[in-house]
Amino acid sequence: MTFASISEKVLAGGRIDEAEALFLNGHEDLLALGDLAQTVNERRNGRKVFFNVNRHINHTNICVNRCRFCAFFRTAEQPGAYLMSLDEIRTRAQEAVGQGATEIHVVGGLHPDLPFEFYLEMLSTIKAVSPDLHVKAFTAVEIAYLADLAKLSIPETLERLKQAGLGSLPGGGAEIFAPEVRDQLCPEKISGAKWLAIMEQVHEAGLKSNATMLYGHLETVADRVDHMRQLRELQDRTGGFQVFIPLAFQPEHSQLKLAGSGTSGVDDLRTLSVARIYLDNFANVKAYWVMLGEKIAQVSLAFGVNDLDGTVVEERIGHDAGADTPQAMSRDAIIAMIRKAGRIPVERDTLYRELRVY
Ligand code: V47
């Protein structure tokens, strides 16, 4: 196996296998790898780069899970624990509409005491602000928790949430599927197999979702490839994933702050490039600037990435773990960032429909 043989296969439209993805991960010539990823991307997406105008709402940080990578969660008694009221959530949604947002991204802790109705009301409260707002809410982990809470099946739970205004699902909670690593990272969280099974039901219910991978902690490169393999297989069956988002681990203030943990810029670019080449059935690869930093996110636009999340406005999960990026980016700043990378900025909605080419 050589880089040239893999490159030839990819350029002929072939699908690489896990051994080839591992080889690419170890390939020293980062620029050649990035060039291949960019060619694959440009064949699919041209020189357009998507972004969206959105606002994150993390309604609570109180969580019954104790994930070791997470610096966001609190127990109800701990200082800094919070739960937003529906009024606070409404105000944030109103501000977002005032700033031209098309999407509200809602994720939070697994709160021990809230009734299922709270989640339904949260969705309907946001939709009441503007019926055009797309509510992308609840990871597969939260869906499993809500189904238990409501004593409903997953499809019934999704149906109730859809009726209340759920538009699609974000990709969080995937972490790393490999059980030996997942058991160390987040022993209380649903398994990788369950995450995938819920996403399959999400797609069967006619909802789109995103997919993430948390990297730069205890996992090996083989674990990353194995994670992407399982996503690619599910995507072959359902086609329901819109985008793949690798999440660079932020080590500060988490129990997992190990010597040498966290990612390097080269690792970030390599991970995004390999994802673009291996995940041939994903239309979009997103750079999440909150975790990557704005400069690596911008450079990644030459390494196969075609999507940037978003204006964000108020992010807690990465920033509690030491991310030193700003809380928000303006629409103009994102447009400038894409233009200065020599690409064409395209504002999209949550379902990847083009709203405006800049
Ligand atoms: O599931 C938690 C991750 C995720 C840390 O779907 C951490 O469009 C890095 O999934 N360092 C939530 N990551 C965020 C998320 C997301 C973000 C942006 C867009 C979308 C989308 C999804 O954040 C969690 C977990 O994997 N996370 N702690 C940390 N210390």
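Thresholds applied
- Residues numbered from 1 in each chain as written.
- Predicted model: local features only at pLDDT ≥ 70, side-chain atom pairs only at ≥ 80, totals over all residues.
- Heavy atoms only, no water.
- Buried < 20%, exposed > 50% of the residue type's maximum accessible area, 1.4 Å probe, protein only.
- Helix = DSSP H or I, 4+ residues; strand = E, 2+ residues; numbered from the N terminus.
- Pairing = 2+ DSSP bridges.
- Near = heavy atom within 4 Å.
- Polar contact = N/O pair within 3.5 Å; in protein donor to acceptor, adjacent residues only side chain to side chain.
- Areas by Shrake-Rupley, 256 points an atom, 1.4 Å probe, with all protein chains shown as cover.
- 1 Å grid on protein atoms, 1.4 Å probe; cavity = no way out; pocket = protein on both sides within 12 Å on 5 of 7 lines; lining within 4 Å.
- Sits in = over half its atoms within 2 Å of the grid points.
- Nonpolar A, V, L, I, M, F, W, Y, C, P; charged D, E, K, R; others polar.
- Phe/Tyr/Trp six-rings, centres within 6.5 Å; stacked < 30°, edge-to-face > 60°.
- Lys NZ or Arg CZ within 6 Å of the ring centre and 35° of its normal.
- Salt bridge = Lys/Arg side-chain N within 4 Å of Asp/Glu carboxyl O.
- Axes fitted to C-alpha atoms, helices over the stretch in contact; angles between N-to-C directions.
- Parallel < 35°, antiparallel > 145°, perpendicular 65-115°, else oblique.
- Left-handed = near helix turned anticlockwise from the far one by under 90°.
- Contact = heavy atoms within 4.5 Å.

Undergrad: I tried to follow the pairing of strand β10 (residues 344–348) on my own but got confused; where do I start?
TA: Along a regular strand, successive side chains alternate from one face of the sheet to the other. The element β10 is extensively covered by neighbouring structure, given that 4 of its 5 residues are classed as buried. By the bridge criterion, 3 bridges tie β10 to strand β11 (residues 354–357) in an arrangement that is antiparallel. Within β11, the position partnered with R348 by the bridge is E354. Hairpin connection from β10 to β11: 5 residues lie between these consecutive antiparallel strands, with Y352 at a positive phi of about 65 degrees.

Undergrad: Explanation requested: the site of the ligand in the structure shown.
TA: Close to the ligand lie 23 residues; K136, G171, G173, E175 and Q250 are nearest. The separation between a nitrogen atom of the ligand and a polar main-chain atom of F69 is 2.9 Å. At 2.7 Å, a backbone N or O of G173 approaches an oxygen atom of the ligand. Across the complex, the protein chains shield 96% of the 620 Å² of accessible surface that the ligand would expose by itself. In this structure, the ligand is accommodated by the largest cavity. The set of elements that each furnish at least two residues to the shell around the ligand consists of β6 (209–215), β7 (241–248) and β8 (284–288). Looking at the shell around the ligand, its residues break down into 12 nonpolar, 7 polar and 4 charged.

Undergrad: Looking at this structure, I do not really get the packing of aromatic side chains. What am I missing?
TA: Two measures describe an aromatic ring pair: the distance that separates the ring centres and the angle between the ring planes. Taken as a whole and judged by the stated rule, the model has 9 aromatic pairs. Aromatic side chains F51 and Y358 sit 6.0 Å apart centroid to centroid with 45 degrees between the ring planes, which places their arrangement in the tilted category. Taken as a pair, F51 in strand β1 (residues 48–51) and Y358 in the segment after β11 lie far apart in primary sequence, 307 residues in all. The class for F51 is buried, based on a relative accessible area of 0%. Their ring planes at 85 degrees and their centres at 5.6 Å tell us that F118 and Y119 sit as a pair that is edge-to-face. For the pair shown, F118 and Y119 are each scored as buried. Of the aromatic side chains, those joined through ring pairs into one cluster are F177, W195, F241, F244 and F282. Positioned over the ring face of Y278 is R232, at 3.8 Å from the centre of the ring.

Undergrad: Is there a simple way to think about the pattern of salt bridges in this case?
TA: It is possible for side chains bearing opposite charge to pair when their charged atoms get close. The final tally for this structure, using the stated rule, is 23 salt bridges. Among the salt bridges present, the one from R92 reaches E314, with a minimum N-O distance of 2.8 Å. One end of the pair, R92, is in helix α4 (residues 86–98); the other, E314, is in the loop between β9 (307–309) and α14 (317–320), with 222 residues separating them in the sequence. Comparing R92 with E314 shows no difference in burial state: the two are buried. Ionic pairing is found between D226 and R229, a salt bridge with its closest N-O pair at 2.8 Å. Of this pair, D226 and R229 both sit in helix α10 (residues 221–238), separated by 3 residues, roughly a single helical turn. Using a relative accessible area of 22% as the deciding quantity, one classes D226 as partly exposed. Here the salt bridges share partners, and the residues they tie into one network are R55, R92, E95 and E314.

Undergrad: Sorry if this is basic, but what is going on with the packing of helix α3 (residues 30–45) against helix α11 (residues 265–278) here?
TA: Helix packing geometry: the angle between the two helix axes and the distance between the axes. Where α3 contacts α11, the two axes come as close as 9 Å, and the packing angle between them is 40 degrees. It follows from the interaxial angle that α3 and α11 lie oblique. In the packing of α3 onto α11, the handedness of the crossing is left-handed. Seen from α3, the contacting residues are L30, L33, G34, L36, A37, V40, N41, R44 and N45; seen from α11, they are V266, L269, R270, S273, V274, R276 and I277.

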